[in-house]
Amino acid sequence: MKLTLRVWRQQNADADGAMSTYEVDGISSDMSFLEMLDTLNEELILKGEDPVAFDHDCREGICGACSLVINGDAHGPERTTTCQLHMRSFKDGDTIDIEPWRASAFPVIKDLVVDRSAFDRIIQAGGYITAPTGAAPEAHAAPVPKPDADFAFEHAECIGCGACVAACPNGAAMLFTSAKINHLNVLPQGAPERETRVLDMVAQMDEEGFGGCTLTGECATACPKGIPLMSITSMNKEWLRATRKVAKR
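The protein chain has the name Succinate dehydrogenase in an unreviewed UniProt entry, where Streptomyces brasiliensis is given as its organism. Per UniProt, the protein chain has the following entry under Sequence similarities (unreviewed entry): "Belongs to the succinate dehydrogenase/fumarate reductase iron-sulfur protein family."

Next comes the structure, spelled out in structure tokens:
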């Protein structure tokens, strides 16, 4: 395959960025999208040019590092992570636009790499449980009803990639935050911090400068792990419950 790539290049956070055009040839349809970018970078290095900076780690669809907007879609045309997107999703002769996540809370570091530490700070605000020290508790010591376990596992699948933010026209982080809150709040281990967790994490989300949610649903559509839009509704219920409980104290 021969492709024309229009790639966002930005030297650092303070520099102005622009799209640069590159031609790549000999791309196999079996390559992943990141392997295609590796091929481009090998060519740039051989020419003595600066390679394109992009995030990646596991390349197995687990870590969430591979954050790219491809032809206007978070992670590209398939509902998967960029590292699991293969070049058979494109045609010979295609022009592909490659950009970083676009959100004020995700400032560009260089080229296609953005700073997603805002997500880390949201988790630090309440994404944990009170764990007693000592030996591990018996596995069946805290029975969990299957519907609750299924609900928790569904939300625990969030890999924190940020596609929900990139896809949202408002740059909201509601789907990410709701996933992190819901998967702990429904479990007995998460009960001690149930109220403070939702209040603190939502407050931190707002402090980070993410946009407001208008339930357009683009976040759930773009999520590679299928976190449901109803997750936001569940979080809102938790927030209202916590607010009322705190007000009664």
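The rest of the description comes next.
Visitor: Please set out the domain arrangement of the protein chain residue by residue, giving values where relevant.
Guide: When its domains are assigned, the protein chain resolves into domain 1 (3–110) and domain 2 (116–248). Listed per partner, the contact involves 18 residues of domain 1 and 19 residues of domain 2. For the pair domain 1 and domain 2, the two sides together bury roughly 1300 Å², of which 60% comes from carbon and sulfur. If you sort the residues of domain 1 by the area they bury against domain 2, Arg-79, Ala-105 and Phe-106 come out on top, with a joint share of 41%. Where Asp-55 meets Arg-116, a salt bridge forms, and the shortest distance between an N and an O atom there is 3.6 Å. Summed over the shared surface of domain 1 and domain 2, the number is six residue pairs in polar contact (both at pLDDT 80 or more).

Parameters and conventions
- Residues numbered from 1 in each chain as written.
- Predicted model: local features only at pLDDT ≥ 70, side-chain atom pairs only at ≥ 80, totals over all residues.
- Heavy atoms only, no water.
- UniProt positions renumbered as here; feature names shortened; annotations may be inferred.
- Domains from an automatic or database assignment.
- Contact = heavy atoms within 4.5 Å.
- Buried area = accessible area lost by both parts, 1.4 Å probe.
- Salt bridge = Lys/Arg side-chain N within 4 Å of Asp/Glu carboxyl O.
- Polar contact = N/O pair within 3.5 Å; in protein donor to acceptor, adjacent residues only side chain to side chain.

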